[in-house]
Amino acid sequence: MNLRMTFVSDRLVEQIMEGRKTASVATLEEVDVKEDEYNDPLVVGRVYDVYDGTFTPRVSIRITAMELCRWDAIPERLWRGETNDDADGFREDHVDYFGDVADDFEFVAYYFELEKAD
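Across its full length, the protein chain holds 3 helices and 5 strands. Mapped from its N terminus to its C terminus, the protein chain presents α and β elements in the order β-α-β-β-β-α-α-β. What you see for the protein chain is a C-alpha radius of gyration of 14 Å, in line with the 13 Å of a compact globule of 118 residues. Principal axes of the C-alpha set define a box for the protein chain whose edges measure 40 × 30 × 25 Å. By residue count, 43% of the 118 residues in the protein chain fall in the buried class. Relative to all contacts within the protein chain whose residues are 6 or more apart in sequence, the contacts with residues 24 or more apart total 69%. When the accessible area of the protein chain is evaluated, it comes to approximately 6,600 Å², of which 45% is carbon and sulfur surface. Put simply, the protein chain has 13 plus and 29 minus side-chain charges, and the middle of one group is 6 Å from the middle of the other.

Laid out in structure tokens, this is it:
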């Protein structure tokens with residue numbers, strides 16, 4: 001049985017289905033926590049069914065890697081996987097998600113590959 005996850009918008013789910021989005025992020029506090037029935041803990045090697053805003057499964061992904069990142073040192077594979085043009089674009093897109101954070105703020109990046117799209 002696959003694990004489950006949701007994203008903050010259906011636009012992000014569509015980017016995954018198109019094969020453009022191959023990375024995302026979580027706070028250190030979120031990584032190993034089952035938030036609710038649609039958001040299981042993140043585990044490398046596991047397959048997740050990704051649900052849209054109506055809790056309909058849309059795509060399956062497999063987490064291939066995770067890494068600890070800092071706000072002042074965004075890895076290129078993360079900002080590219082998040083469909084940004086550069087690290088500054090990544091920061092602009094995630095300031096609402098993380099809030100106003102210091103340069104040494106740490107978070108987890110996770111990378112995934114498309115398993116199947118419905």
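Here the narrative resumes, following the displayed structure.
A separate point is helix H1 (residues 10-17). Turning to H1, its buried residues are Leu12, Val13, Gln15 and Ile16. Here the buried residues of H1 occupy an arc of 155° about the axis, which is enough to place them on one side. Just downstream of H1, glycine 19 is the residue with a positive phi angle, here 85°.

Bringing helix H3 (residues 87-98) into the picture now. Residues of H3 that are buried: Ala87, Gly89, Phe90, Arg91, His94 and Phe98. Of the residues flanking the start of H3, the one acting as N-cap is aspartate 86, its side-chain oxygen 3.2 Å from the backbone nitrogen of aspartate 88. Note on H3: the residue one or two positions beyond its end, glycine 99, has a positive phi of about 85°.

For the rest of this paragraph, the subject is the environment of leucine 68. Here leucine 68 is to be found in strand S4 (residues 57-70). Given the relative accessible area of 52%, leucine 68 is considered exposed. Separated by 21 residues in sequence, leucine 68 and valine 47 place their C-alpha atoms 21 Å apart. Here leucine 68 is in contact with Leu28, Glu106 and Phe107, once residues within four sequence places are set aside.

It is worth spelling out the side chain of asparagine 84 at this point. Here asparagine 84 is to be found in the loop between helix H2 (76-81) and H3. Setting aside residues up to four positions removed in sequence, asparagine 84 forms contacts with Trp79, Gly89, Phe90, Asp93 and His94.

Our next topic: the pairing of S4. Each regular strand carries side chains that alternate between the two faces of the sheet. The sheet contact formed by strand S3 (residues 47-51) and S4 spans 5 bridges and is antiparallel. Residue pairing across strands places tyrosine 51 opposite proline 57, the latter belonging to S4. A loop of 5 residues connects S3 with S4, the two strands running antiparallel in sequence, and phenylalanine 55 in this loop sits at a positive phi of about 60°.

Criteria and thresholds
Residues numbered from 1 in each chain as written. Predicted model: local features only at pLDDT ≥ 70, side-chain atom pairs only at ≥ 80, totals over all residues. Heavy atoms only, no water. Helix = DSSP H or I, 4+ residues; strand = E, 2+ residues; numbered from the N terminus. Rg over C-alpha atoms; globule rule 2.2 N^0.38 Å. Buried < 20%, exposed > 50% of the residue type's maximum accessible area, 1.4 Å probe, protein only. Contact = heavy atoms within 4.5 Å. Areas by Shrake-Rupley, 256 points an atom, 1.4 Å probe, with all protein chains shown as cover. Lys, Arg positive; Asp, Glu negative; His and termini not counted. Charge placed at Lys NZ, Arg CZ, Asp CG, Glu CD. Arc of directions from axis to C-beta. Polar contact = N/O pair within 3.5 Å; in protein donor to acceptor, adjacent residues only side chain to side chain. Pairing = 2+ DSSP bridges.

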